[in-house]
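Structural overview
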Amino acid sequence: MSLIETKGLSKMYGSGEERVNALMGVNLRIEKGEFISVMGPSGSGKSTLLTILGGLNHPTSGEITMDGISIYELPPEKLADFRREYLGFIFQSFQLIPYLTVIENVVLPLSITDIPNREQMKKAGEILERIGLIGKEKRLPDQLSGGEQERVAIARALINSPPILLADEPTGNLDTKTGKEIIELFKSLNQEGQTIVMVTHNPDNTRVSSRLITLRDGRVEYGK
Amino acid sequence: MRLKDISINNLKRRKGKVFFLILGLTIGMTTVISLISISRSLEEDISKKLDEFGANILILPRSEDLSLTYGGMSIGGLTLDAHTLNISDAQKIRQIEAQENIGAVSPKFVGVVEIDGKKIPLVGVQFEEEQRLKKWWKVHGTFPKRQDEILIGHEVAVRLFKSPQDPLLIGGKEVRISGILGETGSQDDFFIFADLSFVQETLNRPKSVSFIEVSAYCHTCPIDEIVRQISKTLPHAKVTAIKQTLQSKMETLDHFKKFSVAISIIVLMIGGLIVFTNMMASVHERKREIGIFRAIGFRKTHIMRIIFLEALIVGLIAGVLGYLMGLGVSYFFGPVVLGLERVRWTLDPTLAIGAIFLSTLIGVLSSVYPAVRASKMDPTEALRAL
């Protein structure tokens, strides 16, 4: 059984003449431990695919299962729990909470769990050390560089030890050097067994991935 | 970290907006608390004035023969033929169920004596009780302390050319005028007040009482109930409540209370509206943030809890501040606005808890729609960056 499997996944926005087919009949199988890069021109459906995989956007038709769970058949609150337990999100522009410190941003997904504060902080400390942000725990996001903010976003995505990491243009707002460092971090995470699905515009980023999927006009053009 | 930390940190971030949010609700609570405090003080003031008004219950013998008025009220027959009151009746009044509401009980015996060819009403009183009953009396000289000392009304002093310490012959007995009443503008000016036992003996009616005046503290107690209890204790007496002064004062208080309730409702609605608009704006501003929360696994109820926690904190702070400021405002402005002597400055735990509860309730209720709206936000729409 694949970790992620989609069958005939379609998504339409709008209706009538304004109807847009963002995704059409996408069939995918992603195995545990894979590092998938999703590429394609703007409007090809990359972000739509990522939001559907992320349990945030109901497909118009088709099926999607993760770890054998048909996620869109879950009640809304169970779907939220699924996102927390199975998925780690890394957004293009970091999307950190501006009024929370680095460590608070990192432990944010744990704030709704029963995990005691001390354990939360211990976990966050371990991850911050792993991604090289020790000593900056008490800083606010606007006191960090773009690369550091991206690392905080990665730490937040990893705090729950989710089986799947979804990343949307993780180097999109970074300079080349920092972007390479982040991709190297992704590579090492994948080498440790982390399943990653990454949407990117940059062909260089795909070098470290185990498989490339190209979308065009809502269809899989290359790689399945 | 817990959800409360998110709420607290967000409030800290929006210091300016939160300040005005708390201020809006605080002003509402201040108004409510100051109106309640002033109402209470007004009630106390009325109660105090009621005491100063003197008697508010009059006890007469049951008699068809009404021959004299006293203090503007008819008094049962001086002849006291069939039904008379007795000095022991005054003691029985002290033993009724609502005895804690009884202030002064002043039995009186009224007769007429002739002095220097002039007929003058003679009123036998227990001076100690009379002093408690008529706090407005001003006496030139001293209050009688002995049986052979009397007090005369202003007009009596003028007509008889008498001064304090002058002797006077009443019923063949010599007494001394210990004091003269300052002009009251009432019938008291025309009376001679002497010790009750002395008058009873002089007029040869030992232990007889013409009527009894009672002062009951009734700003909160039902005066009709006291009247009923006295009537039951003294079936041979006619017990009447003097309600006029009480009623007009109580009506003023009632009007003020209604006005206070109306004003309170309006200001609290405005306070609620301020919370509502502020929370709506906050939710709108935090669209992206809410999208992040939803994306990383927050349930709708978690989002609502964050908003409600913020409203709860704001409500609590506004409740405490509103209570303290309300006390302050009523203390300093109550006397100026309503001419009260003073407004009580006491920390009333019930009122404090009520204020905090009400403020919190308004904060939370006003945030229901913003919270529901926030929880229903489409995370993909909220996270446009995705």
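Here's a quick rundown of the structure. (Residues numbered from 1 in each chain as written. Chains lettered and ligands numbered in written order. Predicted model: local features only at pLDDT ≥ 70, side-chain atom pairs only at ≥ 80, totals over all residues. Heavy atoms only, no water.)

**Focus on the sheet that holds strand 5 (residues 69-70) of chain A**
Residues and elements named next belong to chain A. Spatially, the four strands line up as an open sheet ordered 2-1-4-5, and their pairing is antiparallel. Every interior strand has two partners, whereas the edge strands, strand 2 (20-30) and strand 5, have only one. Relative to strand 2, strand 1 (residues 4-13) runs antiparallel, the two being bridged by seven bridges. Pairing of methionine 12 across the sheet is with asparagine 21, part of strand 2. (Pairing = 2+ DSSP bridges. Helix = DSSP H or I, 4+ residues; strand = E, 2+ residues; numbered from the N terminus.)

**Points about empty space enclosed by the protein**
Under the defined criterion, the tally for this structure stands at two cavities of 30 Å³ or more. As a volume, the second largest cavity reaches approximately 70 Å³. In terms of lining residues, the second largest cavity is bounded by Arg83, Arg84, Leu87, Gly88, Phe89, Pro109, Arg156, Ala157 and Asn160 of chain A together with Ala295 and Ile296 of chain B. Counting residues per element, the ones that place at least two in the lining of the second largest cavity are helix 2 (76-86), strand 6 (87-90) and helix 5 (146-158) of chain A. Looking at the lining of the second largest cavity element by element, the count peaks at three residues for strand 6 of chain A. (1 Å grid on protein atoms, 1.4 Å probe; cavity = no way out; pocket = protein on both sides within 12 Å on 5 of 7 lines; lining within 4 Å. Points joined across faces, edges and corners; volume = space filled by probe spheres on them.)

**Section: the pattern of salt bridges**
Close approach of charged atoms allows side chains with opposite charge to pair. All names here are of chain B. One pass over the full model with this rule turns up 28 salt bridges over all chains. The residue aspartate 188 makes a salt bridge to lysine 134 at a minimum N-O spacing of 3.4 Å. In this pair, aspartate 188 is assigned in the loop between strand 10 (173-181) and strand 11 (192-195) and lysine 134 in the loop between helix 4 (127-133) and strand 7 (139-141), connecting sequence segments 54 residues apart. Residue aspartate 188 shares its accessibility class with lysine 134, and that shared class is buried. Its salt-bridge partner being glutamate 310, residue arginine 286 comes within 3.0 Å of it at the nearest N-O pair. In this pair, arginine 286 sits in the loop between helix 8 (244-285) and helix 9 (287-295) while glutamate 310 sits in helix 10 (residues 300-338), placing the two residues 24 residues apart along the sequence. Look at arginine 286 and you get buried, because its relative accessible area is 3%. Residues joined in a network through salt bridges with shared partners are Lys108, Glu130, Lys134, Asp188 and Glu213. (Salt bridge = Lys/Arg side-chain N within 4 Å of Asp/Glu carboxyl O. Buried < 20%, exposed > 50% of the residue type's maximum accessible area, 1.4 Å probe, protein only.)

**Topic: the interface of chain B and chain A**
Contacts between the two partners involve 27 residues from chain B and, on the opposite side, 36 residues from chain A. Between chain B and chain A the total buried area reaches about 2800 Å² when both faces are included, carbon and sulfur atoms providing 60% of it. Our enumeration of links across chain B and chain A arrives at one salt bridge. A salt bridge links arginine 299 of chain B to aspartate 81 of chain A; the nearest nitrogen and oxygen atoms lie 2.5 Å apart. If you list the elements that add at least two residues to the side of chain B that touches chain A, you get helix 1 (3-13), helix 9, helix 10 and helix 13 (379-382) of chain B. If you tally residues by element for the side of chain B that touches chain A, the top one is helix 9 of chain B, at six residues. Tallied by class, residues from the side of chain B that touches chain A come to twelve nonpolar, six polar and nine charged. (Contact = heavy atoms within 4.5 Å. Buried area = accessible area lost by both parts, 1.4 Å probe. Nonpolar A, V, L, I, M, F, W, Y, C, P; charged D, E, K, R; others polar.)

**Remarks on the sheet that holds strand 3 (residues 35-39) of chain A**
All names here are of chain A. Read from one edge to the other, the open sheet built from six strands follows the order 6-7-8-3-9-10, with strand pairing classed as mixed. Whereas interior strands pair on both sides, the edge strands pair on one side only; in this sheet they are strand 6 and strand 10 (219-222). Going from strand to strand, the sheet's axes swing by 25° on average, the running direction of each strand aside. Where strand 6 lies against strand 7 (residues 164-168), four bridges are found, and the strand directions are parallel. Counterpart to phenylalanine 89 in the pairing with strand 7 is leucine 166. On top of the sheet, helix 2 reaches strand 6 and strand 7; it is set at about 80° to strand 6, its chief contact. (Axes fitted to C-alpha atoms, helices over the stretch in contact; angles between N-to-C directions.)

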